[in-house]
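Letter by letter, the chains look like this.
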Amino acid sequence: AGLPPRHMDSVVQIVEALESTNHGFAGTVPELARALGGCSTPGCRAVLGEPPDVPPAPPTLSHEQWLLFTQLLHHDATAPARGAVLAPDGSTVALGPLLAGIEVGLKRALGWPVPTVEPPVDALYAVTITEALGTSFLLAHGSDGNRTTLGPGGCWDDVDDPQNYTLLGPPSPFPDAIANGAMDGVLLGAHLAQAPIPLADLLRDYYGMGNGTEKGRPPSSYRRRDFGVLTGPGKLEEEVAAMLRLLQVLPPTRELLEDVGPEEVVAIARQAARDFTEVYVECPAIVPRCMWGARPYRGTPKLLTLPLGSVYIHHTFTPSAPCRTFTACARAMRAMQRFHQDTRGWDDIGYSFVVGSDGYLYQGRGWHWVGAHTKGYNSKGYGVGYVGDFSATLPDPDTIALVRDSLLPCAVRTGRLHRNYTLRGHRQMGHTDCPGNSLFREIETWHGFK
């Protein structure tokens, strides 16, 4: 009790306090993170070396800050998402892989040696993503096929004062918070290797706490796109395979892999890279209902029969301004749900998904439940609403692409939408101007438009 919120702001304040002094902790902040357990898995230790001893609490931190930092970096194999914090963009990020990636980047920038291991691995990927990802698929490979390999996401008890994070389903060794921390660790490690800057500044800019970033989207909201650009599935597959070969020779994990042959290593790595890429690079991030503060559904929801054949594009009209931050989009979602439930008398917010201009989709009725978006057609298709009034202007190019190039192909690949689906504007199905003239002219150019 009484600890600072588990928010990236708290982490940046701790990092700033540690960086402001040369006495206190002698090493770098990532080395302190490693001393506290942020890199305690066999592969990470092989690459970055044995952790330093835990130092006494640095004088620049309050007792509560030190306690929080210690808790966030304490490794718990049974609950890998426990060391996670809420970022300003509404995503949840595990600190261990983030700071391990940053440490590799710093070492490269400063010309410090990273221990070389046999067989060789790319240190940046090894300490962030490939050990956790490879292990998750390795464990599933040897089981009866029911093991979860990726995800789930989760929700915070309170987004203003986040303290407890609860997963939304059965845990895998690679929950969403680890995936986000790993992608951020790779991106920030690669960035630092080119140009070292103080860590507090790096984190503040990336997560959108720097000056002047309130207007635009923070770089963290582009992590999926940027990670995909930096790391093709081929590179990821190669590095997962390299990490599994390393785990075959490390004493703590040797036994786990003793019956896994070279072809199996390649097959596991290929599956891991393919599934990760589909879920975390090609498919968009969707903010769950509990994160935007949804009220419960009223009544009994009806199940859709998948795959569906149609998608209907809407604009919300009210709110008329696009939402550009997690806070603003969550507020817009709550306002729309109130209007749909209290004024219109519907069971819930009508849309299947809502599109923010912050880089995120927001779950309304979601993939599986009949919505209230397109009268007469609610069980035939998904209703996707853009926040804003797009009669005279268009959503940002990124926000258009989020649905056109990400959500729709993802829905087809995951079996939720027919390959030959039809796409229509709301106005084609009823008496309305929705989704606005500008947005309607835009969607006329999309695949599937009829």
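Residues numbered from 1 in each chain as written. Predicted model: local features only at pLDDT ≥ 70, side-chain atom pairs only at ≥ 80, totals over all residues. Heavy atoms only, no water.

**Quick look at unusual backbone geometry**
Reasoning step 1: G151 connects to P152 through a cis peptide bond whose omega is 5°.
Reasoning step 2: For P152, the location among the structural elements is in the loop between α6 (123-141) and β3 (154-156).
Reasoning step 3: Cis peptide bonds are those with omega within 30 degrees of zero, and the linkage from T318 to P319 qualifies with -5°.
Reasoning step 4: Structurally, the position occupied by P319 is in the loop between β6 (308-315) and α14 (326-343).
Reasoning step 5: A positive phi angle, close to 65°, is found at F317, a residue other than glycine.
Reasoning step 6: Note on placement: F317 falls in the loop between β6 and α14. (Helix = DSSP H or I, 4+ residues; strand = E, 2+ residues; numbered from the N terminus.)

**Overview of helix α8 (residues 199-206)**
Reasoning step 1: Taken together, the buried positions of α8 are occupied by L199, A200, L202, L203 and Y206. Take α8 and look down its axis: the buried residues cluster within an arc of 160°, on one side only.
Reasoning step 2: Positioned one or two residues after α8, G208 has a phi angle of 80°, which is positive. (Buried < 20%, exposed > 50% of the residue type's maximum accessible area, 1.4 Å probe, protein only. Arc of directions from axis to C-beta.)

**Side note on the domain arrangement of the chain**
Reasoning step 1: According to the domain assignment, the chain contains domain 1 (8-282) and domain 2 (290-444).
Reasoning step 2: Put simply, the middle of domain 1 and the middle of domain 2, counted by C-alpha atoms, are 33 Å apart.
Reasoning step 3: Listed per partner, the contact involves 19 residues of domain 1 and 13 residues of domain 2.
Reasoning step 4: Taken as a group, R217, E278 and E282 account for 37% of the area that domain 1 buries against domain 2, more than any other trio of residues on that side.
Reasoning step 5: Our enumeration of links across domain 1 and domain 2 arrives at three salt bridges.
Reasoning step 6: With a shortest N-O distance of 3.7 Å, E278 and R413 are connected by a salt bridge.
Reasoning step 7: At the junction of domain 1 and domain 2, the tally comes to four residue pairs in polar contact (both at pLDDT 80 or more).
Reasoning step 8: For the side of domain 1 that touches domain 2, the elements supplying multiple residues, two or more each, are β3 and α12 (262-282). (Domains from an automatic or database assignment. Contact = heavy atoms within 4.5 Å. Buried area = accessible area lost by both parts, 1.4 Å probe. Salt bridge = Lys/Arg side-chain N within 4 Å of Asp/Glu carboxyl O. Polar contact = N/O pair within 3.5 Å; in protein donor to acceptor, adjacent residues only side chain to side chain.)

**Focus on the state of the cysteines**
When the sulfur atoms of two cysteines share a covalent bond, that bond is a disulfide.
Reasoning step 1: With the rule as written, the count across this model stands at four disulfides.
Reasoning step 2: There is a disulfide in this structure between C155 and C290, and the S-S distance comes to 1.8 Å. The S-S bond linking C155 to C290 shows a torsion near 70°; that makes this disulfide right-handed. Note that C155 is positioned in strand β3 and C290 in helix α13 (residues 289-292), a separation of 135 residues in sequence.
Reasoning step 3: C155 sits in the buried class, given a relative accessible area of 7%.
Reasoning step 4: The class for C290 is partly exposed, based on a relative accessible area of 38%. (Disulfide = S-S within 2.5 Å.)

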